[in-house]
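Fold and contact review
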Amino acid sequence: MYAFTYHRPDTVRQAAGLVARKEDAKVLAGGQTLLPTMKQRLASPGNLVDLGSVAEMKGIERKGRTIVIGAMTTHADVAGSPLVQEAIPGLAALAGNIGDPHVRNRGTIGGSIANNDPAADYPAACLAMGATIITNKRKIAADAFFQGMFDTALDEGEIVTRVAFPIPGKAAYAKFPNPASRYALVGVCVAKRGSEVRVAVTGAGASGVFRWPEAEAALSKRFSSKSLEGMAAKAAGLNTDIHADAEYRAHLIGVMARRAVDAAVGK
Ligand SMILES: Cc1cc2nc3c(=O)[nH]c(=O)nc-3n(C[C@H](O)[C@H](O)[C@H](O)COP(=O)(O)OP(=O)(O)OC[C@H]3O[C@@H](n4cnc5c(N)ncnc54)[C@H](O)[C@@H]3O)c2cc1C
């Protein structure tokens, strides 16, 4: 690692001020991505603004029909939250299957979505459940937030403070994990809220998370895995790498979508 200056603010305002004022500054959340990147010298911020003491960015609350999760809430805290388990059990299960215990106890929801790794789990939940990403400046709908591989709508220095999930009628996530990292080779989140059904796919797309309109149309008619029988996504535009080729990922999207629907209806 190169030398850097470490800052530990107590409020979002202080953190945003430091990021704006200090040269080449980056916020640090759980460090599960940023620190390895720095160790590999792929990133070398001159100033590191640690969000670990910003209490207003931690915790989970229910506001009417919405679950609001602080950006610095760890995956383990989301997985273990009675509020999330009761209101959106599929989201608690998703968080409980991220990486390993070390990653779940350090990694945060804000860090995960700000990083927008194309194989990360939370982006699929945000997109399928129609979440709103709240920053120190504005509110951004998930549909507008995820803009491509490792790319989001965040401006330079903008900080994700909370993520708001409208409580769906039914929702679940199914992933086919890479056996080493547990990242998704393919992960599919389905959510039904009123008459609207949304299906979001992670791990497969060359541009990161995306919705699968054909599956949404089929499930809108009847919310059952039978509606997706024989369906696979189009292989064009999907990733081919050492783990799986595009055709295999296209097939897996259909399988994971059916599993997610079965889990959502309690099969
Ligand atoms: C071995 C291993 C296995 C993993 N497996 C999985 C998996 O199965 N599924 C999965 O989804 N993820 C997985 N991850 C990723 C992990 O879950 C973390 O969520 C992810 O690394 C980023 O979160 P973080 O809190 O560690 O962020 P950091 O590493 O601290 O930050 C990541 C990036 O986001 C920026 N950032 C952080 N917080 C904010 C914020 N609030 N506002 C704006 N920008 C911010 C930082 O500046 C940095 O650029 C794995 C990671 C490891 C190391």
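The notes below deal with the structure included here.

What counts as what
- Residues numbered from 1 in each chain as written.
- Predicted model: local features only at pLDDT ≥ 70, side-chain atom pairs only at ≥ 80, totals over all residues.
- Pairing = 2+ DSSP bridges.
- Helix = DSSP H or I, 4+ residues; strand = E, 2+ residues; numbered from the N terminus.
- Axes fitted to C-alpha atoms, helices over the stretch in contact; angles between N-to-C directions.
- Buried ≥ 20, exposed ≤ 12 C-beta atoms within 10 Å, placed from the backbone.
- Arc of directions from axis to C-beta.
- Contact = placed C-beta atoms within 7 Å.

1. A look at the sheet that holds strand β1 (residues 5-7)
- Judged by pairing direction, the sheet is parallel, and its three strands sit side by side in the order β1-β3-β2 without closing on themselves. Of all the strands in the sheet, the pair left with one neighbour each is β1 and β2 (25-28). For this sheet the average axis-to-axis angle between neighbouring strands, irrespective of direction, equals 25°.
- In this sheet, strand β3 (residues 47-50) lies alongside β2 in parallel orientation, the contact comprising four bridges. Within β3, the residue paired with Ala25 across the bridge is Asn47.

2. Here we look at the sheet that holds strand β5 (residues 66-70)
- Across the sheet, which stays open at both edges, the five strands sit in the order β4-β5-β10-β6-β7 with antiparallel pairing between neighbours. Of all the strands in the sheet, the pair left with one neighbour each is β4 (60-63) and β7 (139-141). Here the average twist between neighbouring strands, direction ignored, is 25°.
- Where β5 lies against strand β10 (residues 160-166), five bridges are found, and the strand directions are antiparallel. In the sheet register, Thr66 faces β10, and the bridge partner there is Pro166.

3. Examining helix α5 (residues 89-96)
- Buried within α5 we find Gly90, Leu91, Leu94 and Ala95. Down the axis of α5, the buried set is contained in an arc of 135°. They therefore lie on one face.
- Tucked into the core, α5 has its buried residues touching α3 (75-80), α4 (82-87), α8 (122-129), β10, β11 (170-177) and α11 (246-264).

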